[in-house]
Amino acid sequence: MSDPRIDKLAQVLVHYSVAAKPRQLVGIAGYPFSPQVLPLMEAVVREVYRAGAHPIPYMQVPNTEGFDRIFFGEANDDQLEFREPWAEQMIRSLDCDIGIMASTNTRRLSGADSSKMSIASRAVRDLVTLYLKRAAEGSLRWVLCATPTAAYAQDAEMSLPEFEDFVFGCTYADQEDPVSTWRSISETQSVLVKRLAGKRSVLVKGPHVDLTFSIEDRVFINCDGRLNMPDGEIFTGPVEESVNGWIKSSFPAIFRGVEVGQVRLVLKEGRVVEADAEKHQDHLVAMLDTDEGARRMGEFGIGTNDRIAVFTKNMLFDEKIGGTVHFALGAGFPETGAKNESSIHWDLLCDMRHGGQILVDGKLFYESGRFLD
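Residues numbered from 1 in each chain as written. Predicted model: local features only at pLDDT ≥ 70, side-chain atom pairs only at ≥ 80, totals over all residues. Heavy atoms only, no water.

Trainee: Hey, could you run me through the overall build of the chain in this one?
Mentor: Summing up its helical and strand segments, the chain has 12 helices and 20 strands in all. The C-alpha radius of gyration of the chain comes to 20 Å, within 12% of the 21 Å expected for a compact globule of 373 residues. Along the longest, intermediate and shortest principal axes, the C-alpha atoms of the chain span 50 × 50 × 40 Å. Relative to its 373 residues, the chain shows a buried fraction of 55%. For the chain, the proportion of contacts with a sequence separation of at least 24, taken over those separated by at least 6, is 72%. When the accessible surface of the chain is split by element, carbon and sulfur atoms take 51% of a total near 15800 Å². Of the side chains in the chain, 40 bear a positive and 54 a negative charge, and the two mean positions are spaced by 4 Å. (Helix = DSSP H or I, 4+ residues; strand = E, 2+ residues; numbered from the N terminus. Rg over C-alpha atoms; globule rule 2.2 N^0.38 Å. Buried < 20%, exposed > 50% of the residue type's maximum accessible area, 1.4 Å probe, protein only. Contact = heavy atoms within 4.5 Å. Areas by Shrake-Rupley, 256 points an atom, 1.4 Å probe, with all protein chains shown as cover. Lys, Arg positive; Asp, Glu negative; His and termini not counted. Charge placed at Lys NZ, Arg CZ, Asp CG, Glu CD.)

Given below as structure tokens:
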């Protein structure tokens, strides 16, 4: 029997998150593509047709379960660097793009060669830059969502029914009118964004972080369900050369299916100069060496979704945890004013709920997970 909450979530994604219009092209993809993506994908396709738009479901080898393991296991350098001839044209053609995370095995690439992952990432760097540029210009509206799977439930140490309730709860798909709820969240967070407009400096300090950076001429983005679902954060791009200090992730860091445990980074003048992981140090170093921008901070974000209170090992959810902040290595979002370009974007999470502080232009803005008036 179909879960009515899936239909509610599809309605939010199509009619609110990307706001699909008649005759527009709407890409729909799984990240990774797996059989578990189909119920939500089918519901999204239905809503795209109801919006009068054209659904364009697609899949890519590096983002398809089973195929990705073969790709990183068998491909030579020439094959790793290959790009589908239509990839750039698709990015230029889509009006909207809906990505749905639906992994059935979140550790399927744990044994993959990290250097091969870096080669494949470098090969699509300009496509990532083009995608983000179109999004910043407003000509491409995108959203990334997740659908409940047993693998995600296991990572979160929940049963599948519990995880389903969690997903539909933090996306508000369990409510009669989730769109109204997201609009209300948008209004609340817009006040925070306005308070940060025109500010110059930020100090983030706590048990797991002591970082300073500039936000001069940078813009905070109100994440209200139009980029991620679930959502609930405000973020910006630090001035690239201004980041100084250290950070130790409060929770295990995971990137491309490889868990490296807690990560400690030291940054000087915006560049990572020391990096240590609890395990798989070689993977951490390989990702940092992917390209020139991989050792710089592309994002600073503050999580605001109080319906997400536990660590799930899925950054789509975890970076939104109310009372946490996150820093992303690699690509920044041009709409914030960020200039850093990279083929990676790796979020590291810090819990601020036990004594963490954020000072903006020398004034206390946030303490122990709460914004101050």
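Trainee: It is not clear to me how the packing of aromatic side chains should be interpreted in this structure. Could you clarify?
Mentor: Each aromatic ring pair is specified by the distance between its two centres and by the angle formed by the two planes. Inspection of the entire model under this criterion finds 15 aromatic pairs. The interplanar angle of 75 degrees and the centroid separation of 5.6 Å between the aromatic rings of Phe365 and Phe371 together place this pair among those described as edge-to-face. Put simply, the rings of Tyr152, Phe163, Phe166 and Phe317 touch in pairs and so form one group of aromatic residues. (Phe/Tyr/Trp six-rings, centres within 6.5 Å; stacked < 30°, edge-to-face > 60°.)

Trainee: Teacher, can you tell me more about unusual backbone geometry here?
Mentor: Among all residues save glycine, negative phi is the norm, and among peptide bonds the norm is trans. Looking along the chain, the bond that leaves Tyr31 and enters Pro32 is cis, with omega of 0 degrees. By the secondary structure assignment, Pro32 is in the loop between strand E1 (25-30) and helix H2 (38-50). The omega torsion of the bond from Met229 to Pro230 falls at 10 degrees, within 30 degrees of zero and hence cis. A positive phi is found at Arg23, a non-glycine position, where the angle reads about 75 degrees. Structurally, Arg23 can be placed in the loop between helix H1 (4-17) and E1. The class for Arg23 is exposed, based on a relative accessible area of 69%. Phi angles above zero are rare outside glycine, and Ser368 is one such case at about 50 degrees. For Ser368, the location among the structural elements is in the loop between strand E19 (363-367) and strand E20 (370-371).

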